[in-house]
Amino acid sequence: MHIVILTSAYKESIFSFLKGLNIENCRNCKREIEANVKKCPYCGILNPTIKIKDVWIGIAVVLGFMSFYMLFFK
Ligand SMILES: [Zn+2]
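Quantities reported herein were computed from a predicted structural model and do not represent experimental measurements. (Residues numbered from 1 in each chain as written. Predicted model: local features only at pLDDT ≥ 70, side-chain atom pairs only at ≥ 80, totals over all residues.)

A. Just the overall build of the protein, in detail. Secondary structure summary: the protein contains 2 helices and 2 strands in total. Each helix and strand of the protein, ordered N terminal to C terminal, gives the series α-β-β-α. Within the protein, residue pairs in contact and separated by at least 24 positions form 40% of the contacts whose partners lie at least 6 positions apart. (Helix = DSSP H or I, 4+ residues; strand = E, 2+ residues; numbered from the N terminus. Contact = placed C-beta atoms within 7 Å.)

B. Local environment of unusual backbone geometry. The residue lysine 30 is not glycine, and still its phi comes out positive at about 70°. Residue placement: lysine 30 occurs in the loop between β1 (23–25) and β2 (32–34). When the 11 C-beta atoms within 10 Å are taken as the criterion, lysine 30 is described as exposed. The phi torsion at asparagine 47 lies on the positive side, around 45°, for a residue other than glycine. (Buried ≥ 20, exposed ≤ 12 C-beta atoms within 10 Å, placed from the backbone.)

C. Summary view of the environment of asparagine 22. Its location among the elements puts asparagine 22 in the loop between α1 (2–19) and β1. As a C-alpha pair, asparagine 22 and glutamate 34 span 12 residues in sequence and 5.9 Å in three-dimensional space.

D. Expanded view of helix α2 (residues 52–72). For α2, built from 21 residues, the straight-helix expectation of 30 Å at 1.5 Å per residue is met to within 8% by its first-to-last C-alpha distance of 31 Å. Of all 21 residues in α2, 1 are buried; the element is thus mostly exposed. (Expected span 1.5 Å × (residues − 1).)

E. Structural view of the environment of cysteine 43. Tracing the backbone through its elements, the reader meets cysteine 43 in the loop between β2 and α2. When sequence neighbours within four positions are dropped, the list of residues in contact with cysteine 43 reads Cys26, Asn28 and Cys29.

F. Spatial organisation of the confidence of the model for the protein. Per-residue confidence for the protein averages 83 on the pLDDT scale, and 76% of its residues sit at or above 70. Per-element mean pLDDT across the protein ranges from 65 in α1 up to 92 in β2. (pLDDT = per-residue confidence, 0-100.)

Listed below in structure tokens is the structure:
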């Protein structure tokens, strides 16, 4: 049962990832910048669009791959 929940979390994380490849606000100066830039062109901070939410998406992707592996080799 928990495998089904993890698989749906994986699908949602992929969807969020694809949606995120556009414009976001810098976490420091709040200006609009490309979501995948390494450095903010306005204030110069590194990884300006990395948020706690993105860390959780990364964890969800890892759990998703684990659940896929378990389903495949059961
Ligand atoms: Zn900035």
